[in-house]
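An overview of the molecular structure
The chain contents come next:
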Amino acid sequence: MGLTALVVAAGRSVDTHRDDALIADPYAERFVDAAAPPTPLPTRPVPPKDDSEDELWQMMSGYMGVRTRFFDQFFDAAGDAGVRQAVILAAGLDARAQRLAWADGTTLFEVDQPAVLTFKDDVLEHDPARCDRRAVAVDLRDDWTGALDDAGFDPSAPTAWLAEGLLPYLPADAQDALLDAVEERSAPGSRIAVEDFTNLGDQLADPAFRRVAAGLGVDMTALIHTDDREDPADRLAGHGWRVRRDHATAVAEGWGRAFDPLTARLNGQSSFVTAER
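Residues numbered from 1 in each chain as written. Predicted model: local features only at pLDDT ≥ 70, side-chain atom pairs only at ≥ 80, totals over all residues. Heavy atoms only, no water.

With respect to a negative patch on the surface
Rules: To count toward a patch, a residue needs a relative accessible area above 30% and no salt bridge. Like charges then connect within 9 Å, nonpolar side chains (Val, Leu, Ile, Met, Phe, Trp, Tyr) within 5 Å. In this description, accessible areas are obtained by the Shrake-Rupley approach with a 1.4 Å probe, and a residue is regarded as covered only by the protein chains that are shown. Whenever a carboxyl oxygen of Asp or Glu lies within 4 Å of a side-chain nitrogen of Lys or Arg, that contact is scored as a salt bridge. Charge assignment: positive for Lys and Arg, negative for Asp and Glu; neither His nor the chain ends contribute. In plain terms, the charge of a residue is placed at NZ if it is Lys, CZ if Arg, CG if Asp and CD if Glu. For the purposes of this entry, the term helix denotes a DSSP run of H or I that reaches at least four residues, the term strand denotes a run of E that reaches at least two, and both are numbered from the N terminus.
Together, Asp142, Asp143, Asp149 and Asp150 line one region of the surface with negative charge. Relative to the helices and strands, Asp143 is located in the loop between strand S3 (132-137) and helix H6 (144-150).

Description of the side chain of Glu29
Inclusion rule: Classification of residues uses two cut-offs on accessible area relative to the type maximum, computed with a 1.4 Å probe and protein chains only: under 20% is buried, over 50% is exposed, and between them is partly exposed. Here, residues are in contact when the closest pair of their heavy atoms is within 4.5 Å.
Counting through the fold element by element, Glu29 comes out in helix H2 (residues 28-35). Glu29 sits in the buried class, given a relative accessible area of 17%. Not counting the four nearest positions on each side in its chain, Glu29 is found in contact with Ser13, His17, Thr43 and Arg44.

Focus on the sheet that holds S3
The criterion, for reference: Whether two strands pair comes down to DSSP finding at least two bridges between them. Note on geometry: axes are C-alpha line fits, over the in-contact stretch for helices, and angles between N-to-C directions span 0 to 180 degrees.
Strand order in the open sheet formed by 7 strands is S3-S2-S1-S4-S5-S7-S6, and the pairing between neighbours is mixed. A strand with exactly one partner marks an edge of an open sheet, and here the two such strands are S3 and strand S6 (242-247). Taking each pair of neighbouring strands and ignoring which way they run, the sheet shows an average axis angle of 15°. Pairing of S6 with strand S7 (residues 271-276), which is carried by 6 bridges, proceeds in the antiparallel orientation. The residue bridging His247 from the neighbouring strand is Ser271, located in S7. Its contacts with the sheet place helix H5 (residues 114-123) against strand S2 (107-112) and S3, and it is angled at close to 145° to S3.

Some words on the pattern of salt bridges
Following the criterion strictly, the structure yields 28 salt bridges and no others. Where Arg12 meets Asp25, a salt bridge forms, and the shortest distance between an N and an O atom there is 3.0 Å. With Arg12 in helix H1 (residues 2-16) and Asp25 in the loop between H1 and H2, this pair connects stretches of sequence that are 13 residues apart. A relative accessible area of 5% means that Arg12 is categorised as buried. Across the pair Glu195 and Arg67 runs a salt bridge, and its minimum N-O distance is 2.8 Å. Remark: Arg67 occurs in helix H3 (residues 55-80) and Glu195 occurs in strand S5 (residues 191-196); sequence separation between them is 128 residues. The exposure classification of Glu195 matches that of Arg67, with both residues buried. Taken together, the shared-partner salt bridges in this structure form one network comprising Arg12, Asp25, Arg67, Asp72, Asp94, Arg96, Arg99, Glu164 and Glu195.

Remarks on the pairing of S3
Heads up, the rule is: Viewed with both strands pointing away, a crossover whose connecting path from the first strand over the helix to the second turns clockwise is right-handed.
Relative to S3, S2 runs parallel, the two sharing 6 bridges. Within the sheet, the bridge partner assigned to Leu108 lies in S3 and is Arg133. With H5 bridging S2 and the parallel S3, this β-α-β connection has right-handed handedness.

Thoughts on the nonpolar core
Worth spelling out the cut-off: In these notes, a set of buried Ala, Val, Leu, Ile, Met, Phe, Trp, Tyr and Cys residues joined through side-chain atoms within 4.5 Å is what counts as a nonpolar core.
Counting 27 residues, the largest nonpolar core has Val66, Phe75, Trp102, Leu108, Ala160 and Phe272 as its most contacted members. Sorting the residues of this core by element identifies H3, strand S1 (85-89), strand S4 (160-163) and helix H11 (248-254) as the ones contributing at least two each. If you tally residues by element for this core, the top one is H3, at 8 residues. In this structure, Leu108 is in contact with Ala86, Val87, Ile88, Ala97, Trp102, Cys131, Asp132, Arg133 and Arg134, ignoring residues within four places of it in sequence. Core analysis: the second largest hydrophobic core is formed by 26 residues, Phe109, Val111, Leu167 and Val182 among them.

Things to note about the side chain of Arg257
Position of Arg257 relative to the elements: it lies in the loop between H11 and helix H12 (261-265). Among residues more than four places away in sequence, those in contact with Arg257 are Asp15, Arg18, Asp20, Ala21, Leu22, Ser61, Gly62, Gly65, Val66 and Ala252.

Have a look at this one:
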C-alpha cells in the first residue's frame, strides 16, 4: 500500500511538470526522491518510446492530474460553503495540507497507516501546513473512528470527507462499514467525495495493466477487490444525500485534456462521486 501511494505521488509530479499541467504539487517529486524505490518511477514528462506503449507514463501523466484537481476543487468549494473540518481517508502522500489555500480555522485530519504518515512527516518536516493538520496514524482495518475522535474530531460540525483511490482496496463489507461510519459522523452540511471505479475486473485482466503491476513488483490482484458491491452513489442517495456523479473522461475534456487510449479504457472509465447532506 505504501508503494501505491508512491506511484500516485509520481503521477502528481509528472502532471505538475507537464506543459498543460492541471495541478501544482512541488512536494510529490520530493516524496519519490526520498523513498528511492527499487523500481525507478518517472517524476517528469518523458515521451513514450517509438512504436511502443509506455503504459506507466500514459496512466500517470493523464489521469492523476485530473483526479487531483477535481478533489482539490471539492475542498475549495467546501471551504467556500463554510465547512471548517475535513478528513482524508487513506491520505497517503497527499500534500493538500501544504498545497491548498484552506479557509481560516480549518482542521484537516489525515488518516493512514503509521509508517506512511511518519515518512510523510519526515519529508515535509520544514514545510508548514496551511491549516490545522492532524495526522491520525491508524490502519483503516482497526478502530480508526476512535483514533479520529481522539485526535479532536467534532462529529457535530459539518465535515468534508475524501476517499480518493481507496474503495478498490476494501472488500464490499468493509466499504459498507466505512460509509456507515462516515454517515454516523456527518452533521448536516457535511460533504463527501469518492473515487468510484466501475470496471476493476476488466482493468485487472488488461495485459497493459498487468505489465505495469509486474514492473512495479506488485500483485494488484492481492490488493484490489472486485466483489459485487453497492454503487456508492446509489448508497448515499438512498440515505438522503444529494449526489452528483462526474465521469473522469468528461471532467478531463472540460479542462481541455483528452486521455490516451490506454487511460481511456482503464482509469478513464472511473467517476468522481460527490454528495452533500
